[in-house]
Structure formats: C-alpha cells, structure tokens
Amino acid sequence: QIDQEDGDEHELSPLPCHEPLPRQHIQDKLSCLSNRHPVLVFMQEAGLEQYTDLLVANGFDDMETLVEIDDLDMKDMGISLGHRRKLSKRLREWGAQSQQQQ
C-alpha cells in the first residue's frame, strides 16, 4: 500500500495482525487453575466442567466476567445449544444467590 498524500510516495507498513495467543500461553494460564478456582468449581457443580478450559482461554476466567457471557459468545466458542441453556440457567441462579448474600 502506498501513501500519496502531499505528493509524497512511500510504502506504508501493513497493519499488525492480532494473532491468537500461542497455545503454550493458554496452557500456562490453564495450568494455574487450582481445584478451588471459582470458575472451575462453578462449572463442575453445573456438570459442564468440560468447557472450563475453553472459557478461561477466551477470557472468562472469573465469575464476574463469566456472568456476563451471552448466548452468542457461547455459540461462537462451539458450546452446544443444550449446554448453553444449562449454563445460562446456572449463571442466573448463581447471580440471584450472590445478590441475596449481599
């Protein structure tokens, strides 16, 4: 691509790509999850622990963020329709319960 503004011709460098995180970085982040990590515990209790790594790798690594997940987010990550419904229901219940505790 060439910038021709003011008659000055010079090549523009391409915009940097937003590369996905290297797999090793994701693995390092996931290996830090302890058995008491709130997202892991929540997903185990919901019977959906198979999605924990996927959620954490996509930035849903705390409950405050996880409760903001929507159906489109889950669909984009490849979570099945039934499991999206189940996770949404459990998150609503978790939100109601945490509101009562405050």
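What you see is a predicted model, and the numbers here were worked out from it, not measured in a lab. (Residues numbered from 1 in each chain as written. Predicted model: local features only at pLDDT ≥ 70, side-chain atom pairs only at ≥ 80, totals over all residues. Heavy atoms only, no water.)

K.L.:
I'm lost on the nonpolar core in this one. Help?
P.N.:
Note that soluble globular proteins tend to have their nonpolar side chains buried in a common cluster. The biggest cluster of nonpolar side chains holds 17 residues, and the ones touching the most others in it are Phe42, Met43, Leu55, Leu66, Ile69, Leu87 and Leu91. Among the elements of the structure, α2 (38-46), α3 (52-57), α4 (63-66) and α6 (81-100) are those that each provide at least two residues to this core. At four residues, the largest contribution of residues to this core is made by α2. If sequence neighbours within four positions are ignored, Leu66 has contacts with Val39, Phe42, Met43, Leu55, Phe60 and Leu91. (Core = buried A, V, L, I, M, F, W, Y, C linked by side-chain atoms within 4.5 Å. Buried < 20%, exposed > 50% of the residue type's maximum accessible area, 1.4 Å probe, protein only. Helix = DSSP H or I, 4+ residues; strand = E, 2+ residues; numbered from the N terminus. Contact = heavy atoms within 4.5 Å.)

K.L.:
I'm lost on the environment of Asp73 in this one. Help?
P.N.:
With respect to the helices and strands, the residue Asp73 is situated in helix α5 (residues 71-76). Counting along the chain gives 18 residues from Asp73 to Leu55, while the straight-line C-alpha distance between them is 9.8 Å. Leaving out residues up to four positions away in the same chain, Asp73 has contacts with Phe60 and Glu68.

K.L.:
What is the right way to read the environment of Leu48 from this model?
P.N.:
Within the secondary structure, Leu48 is located in the loop between α2 and α3. Accessibility expressed as a relative area gives 0% for Leu48, which makes it buried. Separated by 36 residues in the primary sequence, Leu48 and Arg84 have C-alpha atoms spaced 9.9 Å apart. Leu48 has contacts with Met43, His83, Lys86 and Leu87, leaving out every residue within four places of it along the chain.

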